[in-house]
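Chain by chain, the residues run as shown.
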Amino acid sequence: MIVTIVGGQWGDEGKGKIIDHIAEKADVIARYSGGNNAGHTIENKLGKFALHLVPGGVGWEGTKNLIGSGTVIDPDVLIQELELINENNLPGKIFISEKAHMIMPYHIKLDQAEEAYRGSEAVGTTGRGIGPAYSDKISRNGIRIGDLKDIETLQSKISKNLNIKNKILKEIYNTDEISEKYIFEKIKVWNQKLSKYIANTEQILYENIEKNKFILLEGAQGALLDIDHGTYPYVTSSNSISGGSLTGLGLGAKDIDNVMGVFKAFTTRVGEGPFPTEIFGNDAETIREIAGEFGTTTGRPRRIGWFDAVAAKYSVNINGLDGMVITKLDILDKFEKIKICTHYEYEGEVLSYFPTDEKILNNIKPVYKEFEGWDESTFDVSSYEALNSKAKGFLKNLEDIVGIPIVYISTGPSREATIPIKKS
Ligand code: GDP
Ligand code: IMO
Ligand code: MG
């Protein structure tokens, strides 16, 4: 059985927490896209961990955690993360695809220089080198983790790339060059520290499929940050939608049995770009403070908005979602009024689908259905029956408006604060 778990909104929906919960029963957990732009928080009896590259199954004994070919890896960050995992005795095993591309020091510098050059039109990237690393992959100048096995050939590839990258850094962006020696020193360390984790991850997947094991595919970012279907150009540089789990791991379309989309009971976004249901003022501040809505990777304050069902329905289509996971229900406790955006208005007309055009997206008016809040805590509630009737009503409406069932509800950051919904 293979289940893909994707972010349904603009990232940070609580994918890590849900994966950690479901991974108790999983044999293999595989990350398929993105890099250390992601920050997936898991919280269990071993502690609280912000994982950037390693899949969220690592907290469970007996799991195989694969970092797939569709990811981009900053080896320095991965080494640090592996050290943290070993120091804290997180028991899952880790395997890195030899096909995954590396984020090199020049990618990080280029990401930051490109953003500075964009000025007021900056994307608001995480500055981790994601875009430039994927660009090199697509233009066939990329360097893969498997290249670490042959240092001599790798050095020659790096020299060729660096020749051009340094010209761009110096002559176009007027910034410092990177020395070849600096990178050559690094690759020796990377080779030494990472080689034991490098594997043919596709083969591991195929063998586990053959044995009918439970496999979880872990998405990063969110559907609306997808390079093709997100709010371009304010997106990341990979396919974060469920389709990315096929190309990013070497699977076929028929392999996937179920796709779950993780959504917050409201919406957040980090970085620039359209956000139709964004709110400002007291409600936004309250949510940001109670929910701690600051980036797991960059610490930036997250932008806040109400649940956008138009965007959610779009997410259902581009991901082929079977079910929704609703997280952070507890954050809505104590609000007098809670809103769900059911459609948009644009130039006096009703718009019931998510538009592509940036100008339209920036000028649509969200139309809301309002719900009475509940003056009762849902924090850490772990059974559906124990939820108050107003919260249940809100969730039922979410299902009806979006049009797919809710399969899990999350009421707190811990593993246990999770309500699985069994549909008969
Ligand atoms: P991810 O990138 O989708 O894995 O999400 P992040 O880890 O970046 O952000 C989600 C944050 O919300 C983390 O700090 C989680 O510990 C926390 N979290 C997840 N689910 C819940 C929930 O149901 N309630 C509350 N209060 N916090 C949650
Ligand atoms: P997780 O997996 C939220 C956003 C950045 C920026 C845009 C492009 O934790 O949900 P990039 O560095 O990827 O080129 O930045 O994408 N972004 C995320 N926002 N959660 C994430 O990951 C994100 N990864 C990238 O803020 O707007
Ligand atoms: Mg995150």
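For clarity, every value in this text was computed on a predicted model and none was experimentally measured.

Here the focus is the coordination of the magnesium ion (ligand 3). Coordination of the magnesium ion (ligand 3) by the protein is provided by Asp12 (OD) and Gly39 (O), with metal-donor distances spanning 2.0 to 2.2 Å. In this pair, aspartate 12 is assigned in the loop between strand E1 (2–7) and helix H1 (15–22) and glycine 39 in the loop between strand E2 (28–31) and strand E3 (40–44), connecting sequence segments 27 residues apart. When its relative accessible area of 23% is taken as the criterion, aspartate 12 is described as partly exposed.

Next up on the list: the packing of aromatic side chains. Taken as a whole, this structure holds 8 aromatic pairs when the rule is applied. Ring geometry for tryptophan 10 against phenylalanine 275: centres 5.3 Å apart, planes inclined by 55°, an arrangement best described as tilted. Taken together, the positions of tryptophan 10 in the loop between E1 and H1 and phenylalanine 275 in the loop between strand E12 (267–269) and helix H9 (282–291) put the pair 265 residues apart, joining distant regions of the chain. We classify tryptophan 10 as buried; its relative accessible area is 3%. Judged by its relative accessible area of 7%, phenylalanine 275 is buried. Ring geometry for tryptophan 374 against phenylalanine 394: centres 5.9 Å apart, planes inclined by 50°, an arrangement best described as tilted. One end of the pair, tryptophan 374, is in the loop between strand E18 (365–372) and helix H12 (389–402); the other, phenylalanine 394, is in helix H12, and 20 residues separate them in sequence. Both residues of the pair, tryptophan 374 and phenylalanine 394, count as buried. Among the aromatic residues, those joined into a cluster by ring pairs are Tyr314, Tyr344 and Phe354. For arginine 415, the ring lying beneath its charged end belongs to tryptophan 60, and the centroid distance is 3.6 Å.

Around ligand 1 lies a shell of 19 residues, among which Lys15, Thr41, Thr296, Asp330 and Ser410 are the nearest. For ligand 1, an oxygen atom lies 2.5 Å from a polar atom in the side chain of serine 410. Contact with the protein chains removes 92% of the 580 Å² of surface that ligand 1 exposes when unbound. Among the secondary structure elements, those contributing two or more residues to the shell around ligand 1 are H1 and E3. In terms of residues, the shell around ligand 1 owes the most to one element, H1, which gives 3 residues. In the shell around ligand 1, the residues fall into 2 nonpolar, 10 polar and 7 charged. Shared between two domains, the shell around ligand 1 holds at least three residues of each, these being domain 1 (2–98 + 196–259) and domain 3 (263–420).

This paragraph deals with the side chain of serine 69. Residue position: serine 69 is located in the loop between strand E5 (64–67) and strand E6 (72–73). Residue serine 69 is classed as buried on the basis of its relative accessible area, which comes to 11%. Contact partners of serine 69, with chain neighbours within four places excluded, come to Ser97, Lys99, Ala100, Lys137, Glu202, Thr247, Gly248 and Leu249.

This brings us to the site of ligand 2. Not every one of the 21 residues close to ligand 2 is listed here, only the nearest: Asp12, Lys15, His40, Thr126 and Thr236. Asparagine 37 has a polar side-chain atom sitting 2.8 Å from an oxygen atom of ligand 2. At 2.6 Å from an oxygen atom of ligand 2 is found a side-chain nitrogen or oxygen belonging to histidine 40. In the complex, 98% of the free accessible area of ligand 2, which totals 550 Å², lies under the protein chains. Along the lines of polarity and charge, the residues of the shell around ligand 2 split into 8 nonpolar, 10 polar and 3 charged.

Moving on to the side chain of asparagine 37. Within the secondary structure, asparagine 37 is located in the loop between E2 and E3. You can call asparagine 37 buried: its relative accessible area is 11%. At 2.9 Å, the side chain of asparagine 37 forms a polar contact with the backbone nitrogen of glycine 35. Within the local environment of asparagine 37, its side chain forms a polar contact with the side chain of threonine 236, the two groups lying 3.2 Å apart.

Taken domain by domain, the protein chain comprises domain 1 (2–98 + 196–259), domain 2 (102–194) and domain 3 (263–420). Each of domain 1 and domain 2 has a C-alpha centre, and these two points are 23 Å apart. Contacts between domain 1 and domain 2 engage 29 residues on the former and 22 residues on the latter. Approximately 2000 Å² of surface area, both sides summed, lies buried where domain 1 meets domain 2, with 63% of it carried by carbon and sulfur atoms. Three residues stand out in domain 1 for area buried against domain 2, namely Val72, Pro75 and Glu98, and they jointly supply 25% of the buried area on that side. Summed over the shared surface of domain 1 and domain 2, the number is 3 salt bridges. Salt-bridge contacts for lysine 193 lead to glutamate 83; the nearest nitrogen and oxygen are separated by 3.5 Å. Linking domain 1 with domain 2 are 10 residue pairs in polar contact (both at pLDDT 80 or more). Where the side of domain 1 that touches domain 2 is concerned, the elements lending two or more residues are E6, helix H2 (75–87) and strand E7 (93–97). With 6 residues, H2 is the single largest residue contributor to the side of domain 1 that touches domain 2.

Let us look at unusual backbone geometry. That bond from tyrosine 232 to proline 233 is cis: its omega, 5°, falls within 30 degrees of zero. For aspartate 12, which is not a glycine, the phi torsion comes out positive at approximately 60°. The backbone phi angle of lysine 328 is positive, close to 60°, even though this residue is not glycine. Tracing the sequence through the fold places lysine 328 in the loop between strand E15 (323–327) and strand E16 (337–346).

What counts, and where the lines are drawn
Residues numbered from 1 in each chain as written. Chains lettered and ligands numbered in written order. Predicted model: local features only at pLDDT ≥ 70, side-chain atom pairs only at ≥ 80, totals over all residues. Heavy atoms only, no water. Donors = N, O, S within 2.8 Å, 3.2 Å for Na, K, Ca; no water. Helix = DSSP H or I, 4+ residues; strand = E, 2+ residues; numbered from the N terminus. Buried < 20%, exposed > 50% of the residue type's maximum accessible area, 1.4 Å probe, protein only. Phe/Tyr/Trp six-rings, centres within 6.5 Å; stacked < 30°, edge-to-face > 60°. Lys NZ or Arg CZ within 6 Å of the ring centre and 35° of its normal. Near = heavy atom within 4 Å. Polar contact = N/O pair within 3.5 Å; in protein donor to acceptor, adjacent residues only side chain to side chain. Areas by Shrake-Rupley, 256 points an atom, 1.4 Å probe, with all protein chains shown as cover. Nonpolar A, V, L, I, M, F, W, Y, C, P; charged D, E, K, R; others polar. Domains from an automatic or database assignment. Contact = heavy atoms within 4.5 Å. Buried area = accessible area lost by both parts, 1.4 Å probe. Salt bridge = Lys/Arg side-chain N within 4 Å of Asp/Glu carboxyl O.

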